[in-house]
Amino acid sequence: MVPEGDGGLEPLHAVYRKGVLPVVEDTLRDGQCRVVSFFDRVRVRRVPLAEVERIDPDRCAVRNINTPEEYYRFRDGGS
């Protein structure tokens, strides 16, 4: 299950079955390093962010944290 918003898929916030591991390994061996590189070889359920918001109104589960400052702000309860 991969959350999908206006900006596209959020593959780093997805839930993957263990069964996709061989496909992921094959994809990496083929030199494809993008997270979404194997999506065309497995079944992907796209979950609209509106559905995520039903259980996570603040979208904490799909928040991108790219710097230490963003991490500390989020950890300390900031937005």
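Everything here concerns the structure above.
Rules and cut-offs
- Residues numbered from 1 in each chain as written.
- Predicted model: local features only at pLDDT ≥ 70, side-chain atom pairs only at ≥ 80, totals over all residues.
- Heavy atoms only, no water.
- Helix = DSSP H or I, 4+ residues; strand = E, 2+ residues; numbered from the N terminus.
- Rg over C-alpha atoms; globule rule 2.2 N^0.38 Å.
- Buried < 20%, exposed > 50% of the residue type's maximum accessible area, 1.4 Å probe, protein only.
- Contact = heavy atoms within 4.5 Å.
- Lys, Arg positive; Asp, Glu negative; His and termini not counted.
- Charge placed at Lys NZ, Arg CZ, Asp CG, Glu CD.
- Core = buried A, V, L, I, M, F, W, Y, C linked by side-chain atoms within 4.5 Å.
- Phe/Tyr/Trp six-rings, centres within 6.5 Å; stacked < 30°, edge-to-face > 60°.
- Patch = residues over 30% accessible without salt bridge, like charges linked within 9 Å, V, L, I, M, F, W, Y side chains within 5 Å.
- Areas by Shrake-Rupley, 256 points an atom, 1.4 Å probe, with all protein chains shown as cover.
- Salt bridge = Lys/Arg side-chain N within 4 Å of Asp/Glu carboxyl O.

A. Examining the overall build of the protein more closely. For the protein, the helix and strand inventory stands at three helices and three strands. A compact globule built from 79 residues would reach a C-alpha radius of gyration of about 12 Å, whereas the protein, at 15 Å, exceeds it by more than 25%. Each principal axis of the C-alpha distribution contributes one length, and for the protein these read about 40 × 30 × 25 Å. Across the 79 residues that make up the protein, the buried fraction comes to 20%. For the protein, contacts bridging at least 24 residues in sequence account for 43% of all contacts bridging at least 6. Charged side chains of the protein number 13 positive and 14 negative; the gap between the two group centres comes to 5 Å.

B. The nonpolar core, seen in detail. One finds Val2, Ala14, Val20, Val23, Phe38 and Phe39 forming the largest nonpolar core, which totals six residues. Other than its neighbours up to four places away in sequence, Val2 contacts Leu9, Glu10, Pro11, Ala14, Phe39, Val44, Arg45, Arg46 and Val47.

C. Looking closely at the packing of aromatic side chains. Scanning all chains against the criterion turns up four aromatic pairs. For the pair Tyr16 and Phe38, a centre-to-centre distance of 5.8 Å together with 55° between the ring planes defines the contact as tilted. Of this pair, Tyr16 sits in the loop between strand E2 (8–9) and helix H1 (21–29) while Phe38 is found in the loop between H1 and strand E3 (46–48), placing the two residues 22 residues apart along the sequence. Judged by its relative accessible area of 35%, Tyr16 falls in the partly exposed class. An aromatic cluster of at least three residues, connected via ring pairs, comprises Tyr16, Phe38 and Phe39.

D. Local environment of a nonpolar patch on the surface. On the surface, Leu12, Tyr16 and Val35 cluster together into a nonpolar patch covering about 290 Å² of accessible area. With respect to the helices and strands, Val35 occurs in the loop between H1 and E3.

E. View of the pattern of salt bridges. Across all of its chains, the model carries six salt bridges by this definition. Close ionic contact of Asp26 with Arg29 constitutes a salt bridge, the shortest N to O distance being 2.7 Å. You can see Asp26 and its partner Arg29 sitting in helix H1, three residues apart, about one turn around the helix. When its relative accessible area of 30% is taken as the criterion, Asp26 is described as partly exposed. For Arg59, the salt bridge is made with Glu53, and the minimal N-O distance between the two is 2.6 Å. Its relative accessible area of 28% is what places Glu53 among the partly exposed residues. Via salt bridges that share partners, Asp26, Arg29 and Arg41 belong to a single interconnected network.

These figures capture arrangement, not role.
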